[in-house]
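Residue-level listing of the chains:
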Amino acid sequence: MATRNLTANDIQSTVVENDIVLVDFWASWCGPCRQFGPVFEKASEEHPDVVFGKVDTEAEQALAAQLSITSIPTLMAFREGILVFNQAGALPAAGLKQVIEAVKGLDMEQVRSQLVPAQES
């Protein structure tokens, strides 16, 4: 599966309607973003069970601000609608693979059980 462009109009539905979603926040003028782009694209082809989305922070400035994107590239990973990874900086292919495998291996019952006490406090 290739990457898909996400906007403020469809990011929420994409995250909620798919099991695993990785989102790359980038800009065309950003050197590290241009380096990470092909790595992200290749991973999207290797993991057809994961949705790979890209948000152009120049075109989607309000969305980037809403999600507190202060440095690019930033990678976010969502599993079952829950943000489980958020890191700025370009990852090498091996690092991205580790993130994908870790997200796939999460025990979501445990993740949800940890969220409940945090939301109550």
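See the structure above.
Keep in mind that this is a model prediction, so the values were computed, not measured.

### Let's talk about the pairing of strand β5 (residues 82–88)
Here is step 1 of the chain: Sheet topology note: the strand β4 (residues 74–79)/β5 ladder contains 6 bridges and is antiparallel. Bridging from a neighbouring strand, Leu-75 pairs with Gln-87 of β5.
Here is step 2 of the chain: Between β4 and β5, which pair antiparallel and follow one another directly, the connecting turn spans 2 residues, one of which, Glu-80, has a positive phi of 50°.

### What about the state of the cysteines?
Here is step 1 of the chain: Taken as a whole, this structure holds 1 disulfide when the rule is applied.
Here is step 2 of the chain: Between the sulfur atoms of Cys-30 and its disulfide partner Cys-33 the distance amounts to 2.4 Å. Since a negative S-S torsion denotes a left-handed disulfide, the Cys-30-Cys-33 link at about 80° is right-handed.

### Regarding the packing of helix α2 (residues 31–46) against helix α4 (residues 93–104)
Here is step 1 of the chain: One way to put it is that α2 packs onto α4 with a least axis distance of 10 Å and a crossing angle of 45°. Looking at the two axes, α2 sits oblique to α4. Handedness of the crossing formed by α2 with α4: right-handed. In this structure, α2 contributes Phe-36, Val-39, Phe-40 and Ala-43 to the contact, and α4 contributes Ala-93, Leu-96 and Ile-100.
Here is step 2 of the chain: Of the residues that constitute the contact of α2 with α4, the class distribution is 7 nonpolar, no polar and no charged.

Rules of the game
Residues numbered from 1 in each chain as written. Predicted model: local features only at pLDDT ≥ 70, side-chain atom pairs only at ≥ 80, totals over all residues. Heavy atoms only, no water. Pairing = 2+ DSSP bridges. Helix = DSSP H or I, 4+ residues; strand = E, 2+ residues; numbered from the N terminus. Disulfide = S-S within 2.5 Å. Axes fitted to C-alpha atoms, helices over the stretch in contact; angles between N-to-C directions. Parallel < 35°, antiparallel > 145°, perpendicular 65-115°, else oblique. Left-handed = near helix turned anticlockwise from the far one by under 90°. Contact = heavy atoms within 4.5 Å. Nonpolar A, V, L, I, M, F, W, Y, C, P; charged D, E, K, R; others polar.

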